[in-house]
Amino acid sequence: MFLHIGNNKIIPVSEIIAIIDAKSYNSSSEMKKYIENNNYNDVKDDDYATYIVTSREGYTNVYASNISSSTLLKRCNAIDWGEFNGQRK
């Protein structure tokens, strides 16, 4: 399954480690250091609402999104996790 994070960008849900609200990012110096020290893939928009941290094969990537963290979480929750994990109802 994939998550649409804005500006025609999608990422595999299985790779998501965290969905971080930009306000939390802006108020934490530790969070800023973490994001800045990892591969950063922006979504071509300066008005970021959320940062998405992913991991693939031991590499961490950070994506910026103009979609709110609550909307991204709702999209993740709408996924049928039983089918995602290879289990059928």
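Calculation notes
Residues numbered from 1 in each chain as written. Predicted model: local features only at pLDDT ≥ 70, side-chain atom pairs only at ≥ 80, totals over all residues. Heavy atoms only, no water. Helix = DSSP H or I, 4+ residues; strand = E, 2+ residues; numbered from the N terminus. Buried < 20%, exposed > 50% of the residue type's maximum accessible area, 1.4 Å probe, protein only. Areas by Shrake-Rupley, 256 points an atom, 1.4 Å probe, with all protein chains shown as cover. Core = buried A, V, L, I, M, F, W, Y, C linked by side-chain atoms within 4.5 Å. Contact = heavy atoms within 4.5 Å.

> Describe in detail the overall build of the protein chain, supporting the description with residues and values.
Looking only at helices and strands, one finds 4 helices and 6 strands in the protein chain. Moving toward the C terminus, one meets the helices and strands of the protein chain in the order β-β-β-α-α-β-β-β-α-α. Residues classed as buried in the protein chain amount to 33% of the 89 residues present. For the protein chain, the exposed area adds up to about 5900 Å²; of that, 45% sits on carbon and sulfur atoms.

> Before we move on, can you summarise the environment of Leu72 with the specific residues and values?
Here Leu72 shows up in helix α3 (residues 69-77). Looking at Leu72, the relative accessible area reads 0%, which means it is buried. Sequence separation between Leu72 and Thr50 is 22 residues; the distance between their C-alpha atoms is 8.8 Å.

> Can you explain the environment of Leu73? Please cite residues and give values.
Examined against the element boundaries, Leu73 turns out to sit in helix α3. When the C-alpha positions of Leu73 and Leu3 are compared, they lie 9.7 Å apart, and in sequence the two are 70 residues distant.

> Describe in detail unusual backbone geometry, supporting the description with residues and values.
Here the phi dihedral of Asn7 falls at roughly 50°; this positive angle occurs in a residue that is not glycine. In this structure, Asn7 sits in the loop between β1 (2-6) and β2 (9-12). Relative accessible area serves as the criterion here: at 41%, Asn7 is assigned to the partly exposed category. Of note in this structure, Asn8 is not a glycine but carries a positive phi near 60°. Residue placement: Asn8 occurs in the loop between β1 and β2.

> Describe the nonpolar core, listing the residues and the values that go with them.
Grouped together as the largest cluster of nonpolar side chains are 10 residues: Leu3, Ile5, Ile11, Val13, Ile52, Tyr63, Ile67, Leu72, Cys76 and Ile79. Contributing elements (two or more residues each) for this core: β1 and α3. Among residues more than four places away in sequence, those in contact with Leu72 are Leu3, His4, Ile5, Ile19, Thr50, Ile52, Ser65 and Ile67. By size, the runner-up hydrophobic cluster in this structure holds 9 residues, among which are Ile20, Ala22, Tyr51 and Ala64.

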